[in-house]
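# Fold and contact review
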Amino acid sequence: MNTSNWTTVVATTWIIALCMLTSLNCNADNHISMKTTVIPANDDRLQPIGRMQFNKDGSASFGYPGVGFRLTTNAKHLGVNIKSTGSDSYIAVRIDGGEIKKLKLLKNASTLSLFAQDTNESRVVELLHHSETWHGTITLNQFILSEGDILPAPALPERKILVIGDSVTCGEGANRDGAQACEKDTSWWNAHRSYGWLTGEALNAQVQLVCYGGRGLIRSWNGNTNEINGPDFYELTIAQDNGTQWKHAAYPADLIVVSLGTNDFSLGIGPLPTADAFVPAYVTFVKKLLADHPKAEIVLTDGAIVSDGEEARPQRTVLRRYLHQTKQLADNERVHVFDASHFPGDECDAHPTGPQHAKMSQELVAYIQKTLKW
């Protein structure tokens, strides 16, 4: 799919935006007459997806990709008032499970049109964050409806999957199909097409993507050990310093997939981590996951990027050995290891493309169905 065709902001005309924001009846040259309703983000009729922080003014803030809302409405027009702390954040809207349309956000709160229709047909609307926390944190203030209302939403799937990882888990590169130009920008991220989200859809499960590009288990891509890494941001509602602690009981996972190690094993920072540094830290993290989610099966995987391309530092072989050691030392039948295939991205970038994410998900789904009997 050509990125340029669907990453453009879907903006209202200034007349429609004015009507939606002010409840004016616009019957002059444009023949628009709308009765508007403002729905704050904390309205109980909305279905929140993923980790978010609800604020005193009724707004919701979030940072992870794959976070957003689902709602059902019979409105003729639906808009959202939203902003980002950065200038490179995207959300995406999907109506009735159809085409995914990406919307670029502004730093100042603005109202974007999500859809318009001539009738009052019921629509299921999914609004999902596609960017990462470091691109900008999002504040969604309210939805704005005209000539309609919020209707009861279909129930979310009962099963819950938690996917913990780095930029690959966050969907970096998933919006690429190999045909786009190589100049990188944040439109390359796509939570809907990430392997974790596709896995949830294939298994009819809810999904939380708890991830941060460039971070690992014990050190980041640049060798830093004093940044927020996997076991740290796992605890947070929004992955930022002094962030609010997430309440794990709010999302008791049935399955946890952990894909950490790519950045710890970055060849650009010298020798690979030693077993003494890596394995005990992973065991501690796994035991924390087992305690926080007493019904969850846990799958540890080496992910898509690491390889044995350098003989003196065989990333994949060493990481896989550490994962199996972690499983053995965790000594719990709920812990499993999945050896993933290597997916090298394309000539522009090493992150897997959208078609490669689809294959990654297919492999993971097959493993889960066979090993866990899902």
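Residues numbered from 1 in each chain as written. Predicted model: local features only at pLDDT ≥ 70, side-chain atom pairs only at ≥ 80, totals over all residues. Heavy atoms only, no water.

## Looking at unusual backbone geometry
- For Asp96, which is not a glycine, the phi torsion comes out positive at approximately 55 degrees.
- Tracing the sequence through the fold places Asp96 in the loop between β9 (90–95) and β10 (100–104).
- The exposure class of Asp96 is partly exposed, given its relative accessible area of 40%.
- In the Ramachandran plot, Glu147 falls in the positive-phi region, its phi being about 55 degrees despite a non-glycine side chain.
- Summarising the element assignment, Glu147 is placed in the loop between β13 (138–146) and β14 (150–151). (Helix = DSSP H or I, 4+ residues; strand = E, 2+ residues; numbered from the N terminus. Buried < 20%, exposed > 50% of the residue type's maximum accessible area, 1.4 Å probe, protein only.)

## A short note on the state of the cysteines
- If you walk through the whole model with that rule in mind, you get two disulfides.
- For Cys170, the disulfide goes to Cys211, at an S-S distance of 2.2 Å. Across the S-S bond linking Cys170 and Cys211, the dihedral sits near 120 degrees, which makes this disulfide right-handed. Residue Cys170 is located in the loop between β15 (159–165) and α2 (195–202), and its partner Cys211 is located in strand β16 (residues 205–211); the two are separated by 41 residues in the primary sequence.
- Under the relative-accessibility criterion, Cys170 is labelled buried at 0%.
- The side chain of Cys182 participates in a disulfide bridge whose partner is Cys348; the two sulfur atoms lie 1.8 Å from each other. Classification of the bridge connecting Cys182 and Cys348 rests on its S-S torsion, roughly -60 degrees, and on that basis the disulfide is left-handed. With Cys182 in the loop between β15 and α2 and Cys348 in the loop between β19 (335–338) and α6 (354–371), this pair connects stretches of sequence that are 166 residues apart.
- On the basis of relative accessibility, which here comes to 42%, the residue Cys182 falls in the partly exposed class. (Disulfide = S-S within 2.5 Å.)

## Details of the pairing of β19
- Both faces of β19 are covered, namely the face carrying Val335 and Val337 and the face carrying His336 and Phe338.
- Pairing analysis gives four bridges linking strand β18 (residues 297–301) to β19, with the strands arranged parallel. Across the sheet, the residue bridging to Thr301 is Phe338, located in β19.
- This β-α-β element, β18 to helix α5 (residues 315–330) to β19, shows right-handed connectivity. (Pairing = 2+ DSSP bridges. Right-handed = clockwise from strand over helix to strand, strands pointing away.)

## Brief notes about the packing of aromatic side chains
- With the rule as written, the count across this model stands at nine aromatic pairs.
- In this structure an aromatic cluster arises from ring pairing among Phe265, Phe278, Tyr282 and Tyr322.
- Sitting over the face of the ring of Tyr212, Arg215 holds its NZ or CZ atom 4.1 Å from the ring centroid. (Phe/Tyr/Trp six-rings, centres within 6.5 Å; stacked < 30°, edge-to-face > 60°. Lys NZ or Arg CZ within 6 Å of the ring centre and 35° of its normal.)

## Here we look at the sheet that holds β15
- A sheet is described by the order of its strands in space; here five strands give the open sequence β16-β15-β17-β18-β19, paired in parallel fashion. Of all strands in the sheet, those with a lone pairing partner are β16 and β19, marking the two edges. Neighbour-to-neighbour, the strand axes of the sheet open up by a mean angle of 20 degrees, direction not taken into account.
- Pairing analysis gives four bridges linking strand β17 (residues 255–259) to β18, with the strands arranged parallel. (Axes fitted to C-alpha atoms, helices over the stretch in contact; angles between N-to-C directions.)

## Some words on the side chain of Arg313
- Inspection of the secondary structure puts Arg313 in the loop between β18 and α5.
- Among the polar contacts listed, one links the side chain of Arg313 to the backbone oxygen of Leu267, at a separation of 2.8 Å.
- Setting aside anything within four residues of it in sequence, one finds Arg313 in contact with Leu267, Gly270, Pro271 and Leu272. (Polar contact = N/O pair within 3.5 Å; in protein donor to acceptor, adjacent residues only side chain to side chain. Contact = heavy atoms within 4.5 Å.)

## Things to note about the environment of Gly261
- Inspection of the secondary structure puts Gly261 in the loop between β17 and α4 (275–292).
- Excluding residues that lie within four positions of it along the chain, Gly261 makes contacts with Phe278 and Leu319.

## Some points on the packing of α2 against α6
- Here α2 crosses α6 at 50 degrees, and the two axes come no closer than 8 Å. The orientation of α2 with respect to α6, classified from their angle, is oblique. In this structure, the crossing between α2 and α6 has a hand that is right-handed. For the pair α2 and α6, contact is made by Tyr195, Leu198, Thr199 and Ala202 and by His357, Ala358, Met360, Ser361, Leu364, Val365 and Ile368, respectively. (Parallel < 35°, antiparallel > 145°, perpendicular 65-115°, else oblique. Left-handed = near helix turned anticlockwise from the far one by under 90°.)

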